[in-house]
Amino acid sequence: MGRRKSLAELGLTAQGGRKAEITGLAVDSREVREGFLFAALPGTRVHGGEFIQYALRMGAGAILTDADGARIAEAELAESEAALIVTEDPRQALSYCAALWFGAQPETVVAVTGTNGKTSVASFTRQIWTALGFEAVSIGTTGVEGAYEVPLKHTTPEPITLHRVLAESEAAGVTHAAMEASSHGLAQRRLDGVRIAAAGFTNLTQDHLDYHADLDEYFSAKAGLFTRVLSEDGVAVINVDDERGRDMAAIARSRGQEVLSVGRRDGADLHIIARSFAPTGQVLRFQWHGRVGQAELGLIGGFQSENVLLAAGLAIGAGADPDQVFDTLPRMQTVRGRMQLAARRVNGASVFVDYAHTPGAVETAIKALRPHVMGRLLVIVGAGGDRDRTKRPLMGQAAAEHADLVIVTDDNPRSEDPASIRSAVMLGCPEALEVGDRAEAILRGVDALGPGDALLITGKGHETGQIVGDNIFPFDDSEQASVAVAALDGGLA
Ligand SMILES: CC(=O)N[C@H]1[C@@H](OP(=O)(O)OP(=O)(O)OC[C@H]2O[C@@H](n3ccc(=O)[nH]c3=O)[C@H](O)[C@@H]2O)O[C@H](CO)[C@@H](O)[C@@H]1O[C@H](C)C(=O)N[C@@H](C)C(=O)N[C@H](CCC(=O)O)C(=O)O
Ligand SMILES: Nc1ncnc2c1ncn2[C@@H]1O[C@H](COP(=O)(O)OP(=O)(O)OP(=O)(O)O)[C@@H](O)[C@H]1O
Ligand SMILES: N[C@H](CCC[C@H](N)C(=O)O)C(=O)O
Ligand SMILES: [Mg+2]
């Protein structure tokens, strides 16, 4: 509050050497106040330049934009006293500016990108640091969590929010932060102002092709973490089991970055030698530069031990002692809504909750759970409304192909008719049981569990609401699983 900085202090030079004392930053003209810098960014729907006139009326002291933005508002800018900064990449300039405006970030920050596993890796990295005695947070889809907590709207927040939470974390004593770098965040330069010590890459499969033109462009966006955000003296921690991971490692090497490779491959710096799966966890045997280690993990799914090793690589890459890092691994706790054991029945059957909400993720999650289960594997699946329609039958199909029994139910119908979403899913799994009400579907699934069986509830993971029309009704899969077990077995399991 009451903060002011000159353009020079924000690293900006205005046309004609005009000066301004900035009182705040905004990317949305509706948030501009007297003395603010308004960043008029090129958008997917409209150029922010269209709103410069409005920002000026609200009292903006400076406008940061590109040549197109300046052209759109040429007349208004000519008449205004506001400073004008024109640059080729205003999104990147805004990120640097936001870093200087807020002025502080935790001493050690790492970032992880990839299609799947970002939230899990960020959480495990934070947990490793916490176990080592550091004040640590993770920043991503589930908000800022750990030694400082605040909810977030986006996986990788836009730079103004991002640097505000980094500065607030630092002020709260946080020294270590692990953040998720989404492909949108990278394409839009949201984290270009963050100083990172190490960067991680999990994997690349098809996603977000509504935003990126094709898979190559999607890969290039992710590569930005290594080509722009991570400096030459940073450490790149890469899953080399993934074909695109090997491409990413080559990119990192060509920039002179140290590459710490992780995976099941023999040659990887940190690699998995063997794993054995039990009903509530797994034993992981791994090798680090020729030395063998073993850890008992209370985590479900082979991919979670891969995520744990990537997190260990990030902690090591950012300076932690490898042996101390490996000693913390048995203390890793399940990430909320990611292969989370939600409840157990008296007969020993288990109920798991996972955020899988694409055909590929449904398949991966079921296959990953299978080695932990001696009996039948039941799956609850549903698709969200107002989202990719083509994935619906494919999700049903993935469930039918890999599970022993499928229940199709609702998942955030939003503005759509839930019955028609369910019938699209049912096209892929005609033998499935259809139960629209999600709580009832969970109850039916839990009721069907015999000894040694498991139920996997997919789609909502950590979500705490069911979006129907414009309403959000409280709903938590994991809570409903406990309620169902309590109702059937008496008492909470
Ligand atoms: C698709 C996308 O990423 N959009 C981002 C983009 O907005 P845009 O290009 O669509 O904006 P636009 O509507 O064309 O408007 C252009 C500009 O005019 C501004 N404007 C607009 C209207 C107005 O009255 N005044 C005004 O100033 C807008 O703030 C914007 O800067 O630039 C904006 C400013 O930086 C972002 O806030 C916005 O993120 C929106 C909120 C969003 O929902 N993003 C999602 C898709 C996202 O980023 N998701 C990823 C991960 C998802 C995942 O992995 O599942 C995330 O990191 O969360
Ligand atoms: N290493 C992995 N390989 C394959 N699938 C994974 C991996 N890690 C997680 N998953 C699957 O992806 C889902 C999402 O995991 P997580 O939230 O950690 O990823 P994310 O990259 O943060 O996703 P989002 O893009 O939604 O933020 C999990 O529920 C699981 O089904
Ligand atoms: N946050 C993502 C995943 C939501 C998953 C599922 N619960 C759904 O509503 O489709 C989205 O909004 O597409
Ligand atoms: Mg995430």
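It should be emphasised that the depicted structure is a prediction, and the values quoted were computed from it without experimental measurement.

The rules behind these values
Residues numbered from 1 in each chain as written. Chains lettered and ligands numbered in written order. Predicted model: local features only at pLDDT ≥ 70, side-chain atom pairs only at ≥ 80, totals over all residues. Helix = DSSP H or I, 4+ residues; strand = E, 2+ residues; numbered from the N terminus. Buried ≥ 20, exposed ≤ 12 C-beta atoms within 10 Å, placed from the backbone. Contact = placed C-beta atoms within 7 Å. Near = placed C-beta within 6 Å. Nonpolar A, V, L, I, M, F, W, Y, C, P; charged D, E, K, R; others polar. Domains from an automatic or database assignment. Pairing = 2+ DSSP bridges. Arc of directions from axis to C-beta. pLDDT = per-residue confidence, 0-100. Axes fitted to C-alpha atoms, helices over the stretch in contact; angles between N-to-C directions. Core = buried A, V, L, I, M, F, W, Y, C linked by C-beta atoms within 7 Å. Expected span 1.5 Å × (residues − 1).

Trainee: Teacher, can you tell me more about the overall build of the chain here?
Mentor: Of the regular secondary structure elements, the chain holds 16 helices and 24 strands. Over its C-alpha atoms, taken along the principal directions, the chain stretches across nearly 75 × 55 × 40 Å. The buried share among the 493 residues of the chain stands at 54%. Residue pairs in contact within the chain that sit at least 24 positions apart in sequence constitute 66% of those at least 6 positions apart.

Trainee: Would you take a moment to explain the site of ligand 1 for this structure?
Mentor: Residues in close proximity to ligand 1 total 20 residues, the closest being G43, R45, H154, S182 and H184. Grouping the constituent residues of the shell around ligand 1 by class yields five nonpolar, 11 polar and four charged. Two domains each provide a minimum of three residues to the shell around ligand 1, namely domain 1 (5-89) and domain 2 (104-331).

Trainee: So what exactly am I meant to see when it comes to unusual backbone geometry here?
Mentor: As a rule of thumb, non-glycine residues mostly have phi less than zero, and peptide bonds are mostly trans rather than cis. If you check the backbone angles, N412 has positive phi at about 40 degrees while not being a glycine. Along the chain, the position of N412 falls in the loop between strand 20 (405-408) and helix 14 (418-426). Of note in this structure, R414 is not a glycine but carries a positive phi near 50 degrees. Within the secondary structure, R414 sits in the loop between strand 20 and helix 14. The class of R414 is partly exposed, set by 15 C-beta atoms lying within 10 Å.

Trainee: Teacher, can you tell me more about the pairing of strand 24 (residues 471-474) here?
Mentor: A regular strand places its side chains so that they alternate between the two faces of the sheet. In this structure, strand 23 (residues 465-468) lies alongside strand 24, joined through four bridges in antiparallel fashion. Across the sheet, G465 pairs through a bridge with P474, a residue of strand 24. Between strand 23 and strand 24, which follow one another and run antiparallel, lie two residues, and G469 among them has a positive phi close to 60 degrees.

Trainee: How should the environment of V292 be read in this particular structure?
Mentor: Checked against the element boundaries, V292 lands in strand 16 (residues 291-297). Of the residues examined, V292 has 9 C-beta atoms within 10 Å and is grouped as exposed. Residue contacts for V292: discarding those within four places in its chain leaves I273, R285 and Q287.

Trainee: Help me out: how do you make sense of helix 15 (residues 438-447) in this one?
Mentor: Helical periodicity: at 3.6 residues per turn, an α-helix aligns residues three or four positions apart in one direction. Taken residue by residue, helix 15 has R438, A441, I442, G445 and V446 as its buried positions. Buried residues of helix 15 fall within an arc of 130 degrees about the axis and therefore sit on the same side. Contacts from the buried residues of helix 15 go to strand 18 (350-354), strand 19 (377-381), strand 20, strand 22 (454-458), strand 23 and helix 16 (477-489).

Trainee: Looking at this structure, how should I read the confidence of the model for the chain?
Mentor: Atom-level detail of predicted coordinates should not be read off regions where pLDDT is low. The share of residues in the chain with pLDDT of 70 or more is 98%, and the mean pLDDT across the chain is 95. Our summary of model confidence lists the complex with pTM equal to 0.94 and ipTM equal to 0.95.

Trainee: What is the right way to look at the sheet that holds strand 6 (residues 83-86) in this model?
Mentor: Strands pair in a sheet through their backbones, by hydrogen bonds, and they do so in one of two ways: parallel or antiparallel. The sheet built from four strands is open, its strands ordered 3-4-5-6 with parallel pairing. The strands lining the two open edges of the sheet, one partner per strand, are strand 3 (24-26) and strand 6. Each adjacent strand pair in this sheet contributes to an overall mean axis angle of 20 degrees, direction not counted. In terms of strand pairing, strand 5 (residues 62-65) meets strand 6 through four bridges, oriented parallel. Its bridge partner being in strand 6, I63 is matched across the sheet by L84. Contacting strand 3, strand 4 (36-40) and strand 5, helix 4 (residues 90-102) runs over the sheet at an angle of about 135 degrees to strand 5.

Trainee: Before we go on, may I ask you to explain the site of ligand 3 in this structure?
Mentor: H357, G384, R387, D411, N412, G459, K460 and E463 make up every residue found near ligand 3. Residue composition of the shell around ligand 3, grouped by class: no nonpolar, four polar and four charged.

Trainee: Quick question: what am I supposed to make of the nonpolar core here?
Mentor: Soluble, globular proteins show a tendency: their nonpolar side chains are buried together. Ranked by size, the top nonpolar core spans 152 residues in total, and within it A62, I63, A111, A312, F352 and A399 carry the most contacts. Of all the elements, helix 10 (residues 302-317) adds the most residues to this core, at eight residues. Residues within four places of I63 in sequence aside, it is in contact with F38, A40, I52, A55, L77, A82 and L84.

Trainee: Is there a simple way to explain helix 13 (residues 391-402) in this structure?
Mentor: An ideal rise of 1.5 Å per residue puts 16 Å on 12 residues; helix 13 measures up with 16 Å between its terminal C-alpha atoms. Taken as a whole, helix 13 has its buried residues at K391, R392, L394, M395, G396, A398, A399 and A400. Taken together, the buried residues of helix 13 touch helix 12 (359-369), strand 19, strand 20 and helix 14.

Trainee: Quick question: what am I supposed to make of the domain arrangement of the chain here?
Mentor: Often the size quoted for an interface is simply the accessible area lost on bringing the parts together. Once the domains are mapped, the chain shows domain 1 (5-89), domain 2 (104-331) and domain 3 (340-488). Taking the mean C-alpha position of each, domain 2 and domain 3 sit 28 Å from one another. Residue-level contacts link 12 residues of domain 2 with 12 residues of domain 3. Looking at the side of domain 2 that touches domain 3 residue by residue, the classes come out as five nonpolar, six polar and one charged.

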